[in-house]
Amino acid sequence: MSKKLGIIISGSGSNLAAIIDKCESGYIDAEIAVVISNNSQAYGLKRAQNHGIETAIVNPKEFSNRQEYDKKLVEILKKYQVDLVVLAGYMLLVTNQLLDPFKYKVINIHPALLPSFPGTDGIGDALKYGVKVTGVTVHFVDEGCDTGPIILQEALQIKEIETKEELADRIHSIEHRLLPEAVKLFVEDRLEINGRLVKVLN
Ligand code: GRF
């Protein structure tokens, strides 16, 4: 039986679109059961609806704290019998309320080569620091900010003259390949986890 994905977003949802595409083409043998957003204006919600995918909006402001909010996310993810939770441009930190019931079942995409430049502006921070190489990381989520075990990474050379927008475009096109690839590996049970180390099985 094909696995069910729950995708959590905050914004445009271009990574969501890449996963939708790979599920629809059959490259990933999984079904997107639900897309959840903390932001009612997220364009990703429209993208999901255009493909007949169920959506939910959960506003953190309606909860007394982040734990209670995450409990609500878990309630929805369980209702849809989700096997893997994908944070695809989700801008909030997650708590144990979500991580405990989905241990090693929550993955995140980050627009930098972790452990360098964690946080909300991985692209801008890399440019400001002046590194010559940056990239994209997909990792399992733990309680820290972008600290969990790394699944896949891809590097790219920063050009001598490159605006943040130009770099972001190049990073996003890598993300749109790397995140679906990590989802595929998970769905095919090809990720072996040993503490911090994640081995990709052939
Ligand atoms: C991506 O760059 C992701 O790495 C970052 O937020 C962006 C989300 O883009 N965390 P989108 O919503 O998937 O278009």
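Reading the values: rules and limits
- Residues numbered from 1 in each chain as written.
- Predicted model: local features only at pLDDT ≥ 70, side-chain atom pairs only at ≥ 80, totals over all residues.
- Heavy atoms only, no water.
- Helix = DSSP H or I, 4+ residues; strand = E, 2+ residues; numbered from the N terminus.
- Rg over C-alpha atoms; globule rule 2.2 N^0.38 Å.
- Buried < 20%, exposed > 50% of the residue type's maximum accessible area, 1.4 Å probe, protein only.
- Contact = heavy atoms within 4.5 Å.
- Areas by Shrake-Rupley, 256 points an atom, 1.4 Å probe, with all protein chains shown as cover.
- Lys, Arg positive; Asp, Glu negative; His and termini not counted.
- Charge placed at Lys NZ, Arg CZ, Asp CG, Glu CD.
- Polar contact = N/O pair within 3.5 Å; in protein donor to acceptor, adjacent residues only side chain to side chain.
- Near = heavy atom within 4 Å.
- 1 Å grid on protein atoms, 1.4 Å probe; cavity = no way out; pocket = protein on both sides within 12 Å on 5 of 7 lines; lining within 4 Å.
- Sits in = over half its atoms within 2 Å of the grid points.
- Core = buried A, V, L, I, M, F, W, Y, C linked by side-chain atoms within 4.5 Å.
- Pairing = 2+ DSSP bridges.
- Axes fitted to C-alpha atoms, helices over the stretch in contact; angles between N-to-C directions.
- Parallel < 35°, antiparallel > 145°, perpendicular 65-115°, else oblique.
- Left-handed = near helix turned anticlockwise from the far one by under 90°.

1. As for the overall build of the chain
Logical step 1: For the chain, the count of helices and strands is six helices and nine strands.
Logical step 2: Relative to a compact globule of 202 residues, whose C-alpha radius of gyration would be 17 Å, the chain shows 16 Å and is just as compact.
Logical step 3: Dimensions along the principal axes, computed over C-alpha positions, put the chain at roughly 50 × 40 × 35 Å.
Logical step 4: Across the 202 residues in the chain, those meeting the buried criterion constitute 47%.
Logical step 5: At a minimum sequence separation of 6, the contacts of the chain that also span at least 24 residues come to 63%.
Logical step 6: Total accessible area on the chain stands at roughly 10200 Å², and carbon and sulfur atoms take up 49% of it.
Logical step 7: Across the chain, the centroid of the 23 positively charged side chains sits 1 Å from that of the 27 negatively charged ones.

2. A short note on the side chain of Asn-15
Logical step 1: As for its placement among the helices and strands, Asn-15 is situated in helix 1 (residues 14-24).
Logical step 2: Of the polar contacts made by the side chain of Asn-15, one reaches the side chain of Glu-175; its length is 3.2 Å.
Logical step 3: Excluding anything up to four places from it in sequence, Asn-15 contacts Ala-88, Ile-109, Glu-175, His-176 and Leu-179.

3. Some details on the site of the ligand
Logical step 1: In the vicinity of the ligand, the contacting residues are Gly-11, Ser-12, Gly-13, Ser-14, Asn-15, Gly-89, Ile-109, Pro-111, His-172 and Glu-175.
Logical step 2: His-172 has a polar side-chain atom sitting 3.1 Å from an oxygen atom of the ligand.
Logical step 3: In isolation the ligand exposes 370 Å². Once the protein is present, 86% of that is buried.
Logical step 4: Comparing atom positions with the cavity grids shows the ligand to sit within the largest pocket.
Logical step 5: Contributing elements (two or more residues each) for the shell around the ligand: helix 1 and helix 6 (164-187).

4. Let's talk about the nonpolar core
Logical step 1: Membership of the largest hydrophobic core comes to 41 residues, with the highest contact counts inside it found for Leu-5, Ile-7, Ile-32 and Ile-107.
Logical step 2: In terms of residues, this core owes the most to one element, helix 6, which gives eleven residues.
Logical step 3: When neighbours within four sequence positions are excluded, Ile-32 is seen to be in contact with Leu-5, Ile-7, Leu-16, Ile-19, Ile-20, Cys-23 and Ile-53.
Logical step 4: Within the second largest apolar cluster, 22 residues are counted, among which are Ala-56, Val-58, Val-74 and Leu-98.

5. Topic: the pairing of strand 5 (residues 106-110)
Logical step 1: Counting buried residues in strand 5 gives five out of five residues, a clear majority hidden from the surface.
Logical step 2: Alternating positions in strand 5 separate into two faces, Val-106, Asn-108 and His-110 on one and Ile-107 and Ile-109 on the other, with burial throughout.
Logical step 3: Inspection of the sheet shows strand 4 (residues 84-87) paired to strand 5 by three bridges, in the parallel sense. In the sheet register, Leu-87 faces strand 5, and the bridge partner there is Asn-108.
Logical step 4: Here four bridges tie strand 5 to strand 6 (residues 133-140), and the two strands are oriented antiparallel to one another. Paired with Ile-107 across the strands is Phe-140, a residue of strand 6.

6. Description of unusual backbone geometry
Logical step 1: The peptide bond linking Leu-114 to Pro-115 adopts the cis configuration, its omega dihedral lying at 10°.
Logical step 2: With respect to the element layout, Pro-115 can be found in the loop between strand 5 and helix 5 (122-129).
Logical step 3: The backbone of Gln-81 shows a phi angle near 55°, a positive value even though the residue is not glycine.
Logical step 4: Counting through the fold element by element, Gln-81 comes out in the loop between helix 3 (66-79) and strand 4.

7. Digging into the packing of helix 1 against helix 2 (residues 43-50)
For any two helices packed against each other, one specifies the crossing angle of their axes together with the interaxial distance.
Logical step 1: The N-to-C vectors of helix 1 and helix 2 enclose an angle of 15°; their axes lie 9 Å apart at closest approach. Put simply, helix 1 runs roughly parallel to helix 2. By crossing handedness, the relation of helix 1 to helix 2 is classed as right-handed. Between helix 1, through Ser-14, Leu-16, Ala-17 and Ile-20, and helix 2, the contact on the second element is made entirely by Gly-44, Arg-47 and Ala-48.

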